[in-house]
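Chains, contacts and geometry: an overview
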Amino acid sequence: MYEETKHITSRLQVLEFLMTQANLVELFRHTDVLICVMYARNVAQGVITQYNLMSESLNISFYVSFPFDEWLRKIQNWKEKLTKPEFMSEHESTIGRKRATRLRLLINKLNNFDAEIKPDTELEDPFKSIADKPYHETIEDLVATLDSLKTNLSNLAMLPLKMSKESRSKALRDYLDGARAKESVKNELQEYVYYCSNKRNTTVIRQLLYLKQRIQALVGKDELSDLDLSESEQTDLLSDLRNIFEEGEINPAPKQIPAKAKPRANDELLSKVANFINMHCGQRFPVLDEDNIVEFLVRKDVTLSDGEEEHLQMLFVLMEEMCQQLEITMRNRPERVAAYSSEFKQRINRVLLKVKAYNARLLPCMDKGKTVADLNGLFERWFSPSLDPTLRPNQEELLKMLEDGYDKIKMEAYVHLLREASSLSLFKKAKPMSNKLYMALATVNGVPDEEFPISGVSFNKYFRNPDFCKEAKWLEAAKVLTAVHQEFITGTQTFGH
């Protein structure tokens, strides 16, 4: 346990001992409640000191082991207890004077000043104010102090969430570097090196099987297994993982699994670990997601035992090491395209089915040497799973721009994409181009299509807007258009392929 965790916990435990006495009313009446107020203020000040320390240098170890929610709940209960009528005793001036005198003697002793105080000695402030202070006001002071303690503790709990990304990243790096010095973590890494010494174990399948085994062994029954993720969130995370690895690599066929590759994490536990991986970093292998890891470790409702913390440290450090091996393995394997989820493919197919139906009407508008297949190929490229994996969220935005139910497309987006196709010289030159395209689309075999869902005025308005990609709603989707446009003008991609 982190040393500062012990300090604050010890102070709070002393306060808890006082505040949970069965005869608390009698205790306060016959002892000096002011001493309790002073002690509570000392604890509150200690929390402020800790806040200042963490502001300068965030230490994740403190947050991992300190049970914020537990103490905040206890403090609230103490406050509520003190508001009961039995604590509102009448003030007795004689007792008040004796308490103030005793407090003055105590302070003198602490300052090595032994002068006695005669019974008839006139008390001066602040001791006179203490002697005259009504008992119920002292109780109110204690309630206010507990309220301050609760506020300070809440502020300390929330501090990491308000810190800069750089501070959080540095704190995590320090945390994991410190873990690497532990003998248990060193042993974990040594076992992995030994595993990889057999070349059979450096395939993607064997690496992921090893990771699943270690996930189950390290955190299968720990706090991490209770991470609150919805079923859809788990599905999304596994889908993102399948954009990096193939389904057959994540869940290989039984004949590809060694006999000793059990027990291992199921999909639910794997998705919870995947929550700590950045799968949109522009690389073909996953790296740790610093933000998600720090957010989990410093959450005030997550408290890890020493053993659980060590297991999680082992897992994170192991995953960092595995990233390096996976990078090499995936770089050397044959190029493979990570598949889309079946739901995403269905959405794409529904949109492309309608798009291609309209594209077919544009045959008379195609430039020399260009065909409708080239136009369809451009739309397919915008939604190709072989594009840079970092563009998956942007492809989804583009899909949303086009989607309108199950059997329609949004014509505004479709017309803008025709403009993009025009910029790649797929259509014959004409002035104005928009009129030519509209006339082709709005008729079937020379007969006007009464159900064509856009007017010529709107078509012209959309097509003649060269800056549509700069509109707020297009900013993410436009990144796909930019990437594909670059492919075509540099010759790395051809139409219809």
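Placed above this text is the structure.
Let me sum up the structure you'll find in this document. (Residues numbered from 1 in each chain as written. Predicted model: local features only at pLDDT ≥ 70, side-chain atom pairs only at ≥ 80, totals over all residues. Heavy atoms only, no water.)

What to know about the pattern of salt bridges
Following the criterion strictly, the structure yields 23 salt bridges and no others. Between Arg-361 and Asp-449 there is a salt bridge, with its nearest N and O atoms 3.1 Å apart. Taken together, the residues span a long stretch of sequence, with Arg-361 in the loop between helix 17 (342-359) and helix 18 (372-382) and Asp-449 in the loop between strand 6 (447-448) and helix 22 (456-463) at a distance of 88 residues. Residue class for Arg-361 comes out partly exposed when judged on its relative accessible area of 22%. Counted as one network, the salt bridges with shared partners bring together Arg-173, Asp-177, Arg-180, Glu-320 and Glu-321. (Salt bridge = Lys/Arg side-chain N within 4 Å of Asp/Glu carboxyl O. Helix = DSSP H or I, 4+ residues; strand = E, 2+ residues; numbered from the N terminus. Buried < 20%, exposed > 50% of the residue type's maximum accessible area, 1.4 Å probe, protein only.)

A few points about the packing of aromatic side chains
Going through the model one piece at a time under the given rule, you end up with 18 aromatic pairs. Ring centres of Tyr-63 and Phe-68 lie 5.6 Å apart, and the angle between their planes is 25 degrees; on these two criteria the pair is classed as stacked. Both residues of the pair, Tyr-63 and Phe-68, belong to the buried class. Measuring from centroid to centroid gives 5.6 Å for Tyr-192 and Tyr-210, while their planes differ by 45 degrees, and the two rings are tilted. Here Tyr-210 lies in helix 11 (residues 204-219) and Tyr-192 lies in helix 10 (residues 183-196), a separation of 18 residues in the sequence. Like Tyr-192, the residue Tyr-210 is buried in the burial classification. An aromatic cluster is present here, built from Tyr-358, Phe-379, Trp-382, Tyr-414, Tyr-438, Phe-452, Phe-459 and Phe-463 joined pairwise through their rings. A cation sits over an aromatic face here: Lys-74 above Trp-71, 4.3 Å from the ring centre. (Phe/Tyr/Trp six-rings, centres within 6.5 Å; stacked < 30°, edge-to-face > 60°. Lys NZ or Arg CZ within 6 Å of the ring centre and 35° of its normal.)

What to know about helix 12 (residues 231-242)
For helix 12, spanning twelve residues, the distance from its first C-alpha to its last is 17 Å, which sits close to the expected 16 Å at 1.5 Å a residue. Those residues of helix 12 lying buried are Gln-234, Leu-237, Leu-238, Ser-239, Asp-240 and Leu-241. Of the surrounding secondary structure, the elements contacted by the buried residues of helix 12 are helix 13 (247-250) and helix 14 (267-274). (Expected span 1.5 Å × (residues − 1). Contact = heavy atoms within 4.5 Å.)

So, to be careful, I would describe these as geometric facts and stop short of saying anything about function.
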